[in-house]
Amino acid sequence: MATFYVTTDKDFNGFTSELGFWLWNAMMVGIPYDTGNLRSSFKMPINTDKKLKYAFDDSIAYYVDYLEEGIGFVTKHKDFIKNNLMNIATQELIYFIKTGNTGLLTTKPSVVLRKSIYSSPIGYERKILNALNMHGKNITAHDRKSLSKIWGSLDTDENITSTIGLSPLKTISYKRSELLDIDTSNY
């Protein structure tokens, strides 16, 4: 683990609510974005003057660990939390400690939920859809969330954890008629 030190002449009294929201917005940019489902799962459970906490909600995006570890069909996002998000947060914290200033976005981040830019679902999604006798082309963020829930329930080695905290604001850019009718009630 790397150790770093920040020195400043400013009397640092603690974090601010604005810093918590600014970091959340800044880190949101480093999260991979296809349908917006993964970004919508990035929550802020704690925002106090002594502690800031951010977490991905497994019940929304079970696949976050697989992306981070580079396991499976999509390996290009390996270490996006360890590298991208931590670097963004560290840079902004250093700036805040030195200057006492945050960026301009100090409200909840917003995420546009959309259809996938890819012409077919990725690995595990395609397998689940085939098992359900469903075939989807461009899946939506809602579809991805449903497929993630099913996948998580099938993985007997892991437990899905739901994170309580503030969620980003969500805007949906597709019609209900474009959703696959995935029944998750049995999972």
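Above this text sits the structure in question.
Predicted model only: the values in this text are computed from it and were never measured.

Participant: Explanation requested: the pattern of salt bridges in the structure shown.
Facilitator: Two side chains that carry opposite charge are able to pair once their charged atoms sit near each other. For the coordinates displayed, the defined rule picks out 6 salt bridges. Lys 82 is the partner of Asp 79 in a salt bridge, and the nearest nitrogen-oxygen pair spans 3.7 Å. Note on Asp 79: relative accessible area 16%, which makes it buried. Here Arg 144 ties to Glu 125 by a salt bridge, and the two come within 2.5 Å at their closest N and O atoms. Residue Arg 144 is found in helix H6 (residues 141-154), and its partner Glu 125 is found in helix H5 (residues 123-131); the two are separated by 19 residues along the sequence. Per residue, the accessibility class of Arg 144 equals that of Glu 125, and both read buried.

Participant: Could you clarify how one ought to interpret the packing of H5 against H6 in this entry?
Facilitator: The relative placement of two packed helices is expressed as an angle between their axes plus a distance between the axes. At a minimum axis distance of 10 Å, the contact between H5 and H6 shows a crossing angle of 80 degrees. The orientation of H5 with respect to H6, classified from their angle, is roughly perpendicular. Across from Tyr 124, Glu 125, Ile 128 and Leu 129 in H5, the residues of H6 making contact are Arg 144, Leu 147, Ser 148, Ile 150 and Trp 151. Residue classes in the contact of H5 with H6 are distributed as 6 nonpolar, 1 polar and 2 charged.

Participant: I tried to follow the nonpolar core on my own but got confused; where do I start?
Facilitator: Grouped together as the largest cluster of nonpolar side chains are 36 residues, with contacts concentrated most on Ile 31, Leu 38, Phe 42, Tyr 54, Phe 56 and Phe 80. Looking at this core, the elements that each hand over two or more residues are helix H1 (17-28), strand E1 (42-47), strand E2 (52-56), helix H3 (64-69), helix H4 (80-99), strand E3 (110-113), H5 and H6. Beyond its immediate sequence surroundings of up to four residues, Ile 31 is in contact with Leu 38, Arg 39, Phe 42, Phe 56, Phe 80 and Leu 85.

Participant: Explain the packing of aromatic side chains to me, please; I cannot follow it from the model alone.
Facilitator: The relative placement of two aromatic rings is captured by the distance of their centres and the angle of their planes. Tallied over the full model, the rule gives 9 aromatic pairs. For the ring pair Tyr 62 and Tyr 66, a centre distance of 6.2 Å and an interplane angle of 45 degrees mean the geometry is tilted. The exposure class of Tyr 62 is buried, given its relative accessible area of 4%. The class of Tyr 66 is partly exposed, set by a relative accessible area of 24%. Consider the rings of Tyr 124 and Trp 151, whose centres lie 3.9 Å apart with planes at 25 degrees: the pair is stacked. One end of the pair, Tyr 124, is in helix H5; the other, Trp 151, is in helix H6, and 27 residues separate them in sequence. Taken together, Tyr 62, Tyr 63, Tyr 66, Tyr 124 and Trp 151 form an aromatic cluster joined through their ring pairs. Lying over the aromatic face of Tyr 33, Arg 114 brings its terminal NZ or CZ to 3.9 Å of the ring centre.

Each value, and the rule that gives it
Residues numbered from 1 in each chain as written. Predicted model: local features only at pLDDT ≥ 70, side-chain atom pairs only at ≥ 80, totals over all residues. Heavy atoms only, no water. Salt bridge = Lys/Arg side-chain N within 4 Å of Asp/Glu carboxyl O. Buried < 20%, exposed > 50% of the residue type's maximum accessible area, 1.4 Å probe, protein only. Helix = DSSP H or I, 4+ residues; strand = E, 2+ residues; numbered from the N terminus. Axes fitted to C-alpha atoms, helices over the stretch in contact; angles between N-to-C directions. Parallel < 35°, antiparallel > 145°, perpendicular 65-115°, else oblique. Contact = heavy atoms within 4.5 Å. Nonpolar A, V, L, I, M, F, W, Y, C, P; charged D, E, K, R; others polar. Core = buried A, V, L, I, M, F, W, Y, C linked by side-chain atoms within 4.5 Å. Phe/Tyr/Trp six-rings, centres within 6.5 Å; stacked < 30°, edge-to-face > 60°. Lys NZ or Arg CZ within 6 Å of the ring centre and 35° of its normal.

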